[in-house]
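Notes for the structure review
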Amino acid sequence: FALTDKDKGAKGGITAFLVERDFPGLTVGKKDKKMGLRGSYTSQVIFEDCIIPEENVIGEVGMGYISALKILGEGRVGLAARAVGSSGKLIELSARYAKERIQFGKPIADNQAIQWMLADMATETEAARALTMMAAQKIDEGKKVIKEASMAKLFASDVFNRVADKAVQIHGGMGYMAEYPVERFYRDARITKIYEGTNEIQRLIIARNVLEEC
């Protein structure tokens, strides 16, 4: 995305382009070292006197901002779906561990404290799933989903982080060890409250839409 008409500003002056890897003036910086999402490489993309042919314009000139909003809406619902799926896997891993881990002669799954954590994890995950499915259905129907996408992303990512935290707690010391998958889930969960728009921004978007509707 690049500003192609400074006079029109962000909403009318940004254009989207397809920039191919071998274009002169395009270089890729070093791979970033991240806390989580280590299976996904992240690097700076540097443009210096990079010439892009006209046929590589995506959509229409000046419509990049609108395209970005559409991508963000669908991306937020996709992120919510990933958070729901990850939360479901954490519940499965935690329930299995709780039934296998013996403390004081009985599985820790018999302890009410563990059961309550699993109950909260399952309930919140199903609520996030319903919200995400509602937003996804609206996308399939071609409807506007700015508010619904923000709601799904906000709630599902918050749930994912709470579920990951409880999963580590249920696993105890083993949950802090890299040999158990919950440790990775815990690190990967944190970024979901930041990318595709921070959760603080999602709250602003939701509030503005509620105020406009009422």
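Residues numbered from 1 in each chain as written. Predicted model: local features only at pLDDT ≥ 70, side-chain atom pairs only at ≥ 80, totals over all residues. Heavy atoms only, no water.

Remarks on the pairing of strand S2 (residues 14–17)
- Bridge count for strand S1 (residues 2–3) against S2 is 2 bridges, and the pairing is antiparallel. Bridge pairing in S2 links leucine 3 to isoleucine 14.
- Taken together, the 2 bridges between S2 and strand S5 (residues 57–58) define a ladder with antiparallel strand orientation. The partner of alanine 16 across the bridge, within S5, is isoleucine 58. (Pairing = 2+ DSSP bridges. Helix = DSSP H or I, 4+ residues; strand = E, 2+ residues; numbered from the N terminus.)

Considerations on the pattern of salt bridges
- One pass over the full model with this rule turns up 11 salt bridges.
- For lysine 89, the salt bridge identified is with glutamate 92, shortest N-O distance 3.2 Å. With lysine 89 and glutamate 92 both in helix H2 (residues 64–100), this residue pair falls 3 residues apart, about one helical turn.
- You can call glutamate 92 partly exposed: its relative accessible area is 36%.
- The closest approach of N and O atoms between lysine 143 and glutamate 141, which form a salt bridge, is 3.1 Å. (Salt bridge = Lys/Arg side-chain N within 4 Å of Asp/Glu carboxyl O. Buried < 20%, exposed > 50% of the residue type's maximum accessible area, 1.4 Å probe, protein only.)

Here's the deal with the nonpolar core
- In this structure, Leu90, Ile114, Met121 and Ile170 are the most contacted members of the largest nonpolar core, which totals 30 residues.
- Secondary-structure elements contributing two or more residues to this core are H2, helix H3 (112–140), helix H4 (146–171) and helix H5 (181–190).
- Every residue in contact with isoleucine 114, bar those within four places of it in the chain, is listed here: Ala98, Ile108, Ala109 and Ile170. (Core = buried A, V, L, I, M, F, W, Y, C linked by side-chain atoms within 4.5 Å. Contact = heavy atoms within 4.5 Å.)

A few points about a negative patch on the surface
- Residues Glu20, Asp22, Glu54 and Glu55 make up a contiguous surface patch of negative charge.
- Looking at the element boundaries, glutamate 20 is found in the loop between S2 and strand S3 (26–31). (Patch = residues over 30% accessible without salt bridge, like charges linked within 9 Å, V, L, I, M, F, W, Y side chains within 5 Å. Areas by Shrake-Rupley, 256 points an atom, 1.4 Å probe, with all protein chains shown as cover. Lys, Arg positive; Asp, Glu negative; His and termini not counted. Charge placed at Lys NZ, Arg CZ, Asp CG, Glu CD.)

Describing the packing of aromatic side chains
- Summed over the entire model, instances satisfying the criterion amount to 1 aromatic pair.
- Between the aromatic rings of tyrosine 97 and tyrosine 180, the centroid separation amounts to 6.0 Å while the plane-to-plane angle is 90°, which identifies the pairing as edge-to-face. With tyrosine 97 in helix H2 and tyrosine 180 in the loop between H4 and H5, the pair connects residues that are 83 residues apart, well separated along the chain.
- Using a relative accessible area of 11% as the deciding quantity, one classes tyrosine 97 as buried. (Phe/Tyr/Trp six-rings, centres within 6.5 Å; stacked < 30°, edge-to-face > 60°.)

Some remarks on the packing of H2 against H5
- Two numbers describe how H2 lies on H5: the axes approach to 11 Å, and their chain directions differ by 155°. One finds that H2 runs roughly antiparallel with respect to H5. Read as a crossing pair, H2 and H5 show a hand that is left-handed. Within the contact between the two elements, H2 uses Arg82, Ser86, Lys89, Leu90 and Leu93 and H5 uses Pro181, Val182, Phe185 and Asp188.
- Tallied by class, the residues present in the contact of H2 with H5 amount to 5 nonpolar, 1 polar and 3 charged. (Axes fitted to C-alpha atoms, helices over the stretch in contact; angles between N-to-C directions. Parallel < 35°, antiparallel > 145°, perpendicular 65-115°, else oblique. Left-handed = near helix turned anticlockwise from the far one by under 90°. Nonpolar A, V, L, I, M, F, W, Y, C, P; charged D, E, K, R; others polar.)

A few points about unusual backbone geometry
- The backbone of aspartate 49 shows a phi angle near 55°, a positive value even though the residue is not glycine.
- Tracing the backbone shows aspartate 49 in the loop between strand S4 (43–47) and S5.
- Given a relative accessible area of 73%, aspartate 49 falls into the exposed group.
- The backbone phi angle of glutamate 196 is positive, close to 60°, even though this residue is not glycine.
- Tracing the sequence through the fold places glutamate 196 in the loop between H5 and helix H6 (199–213).

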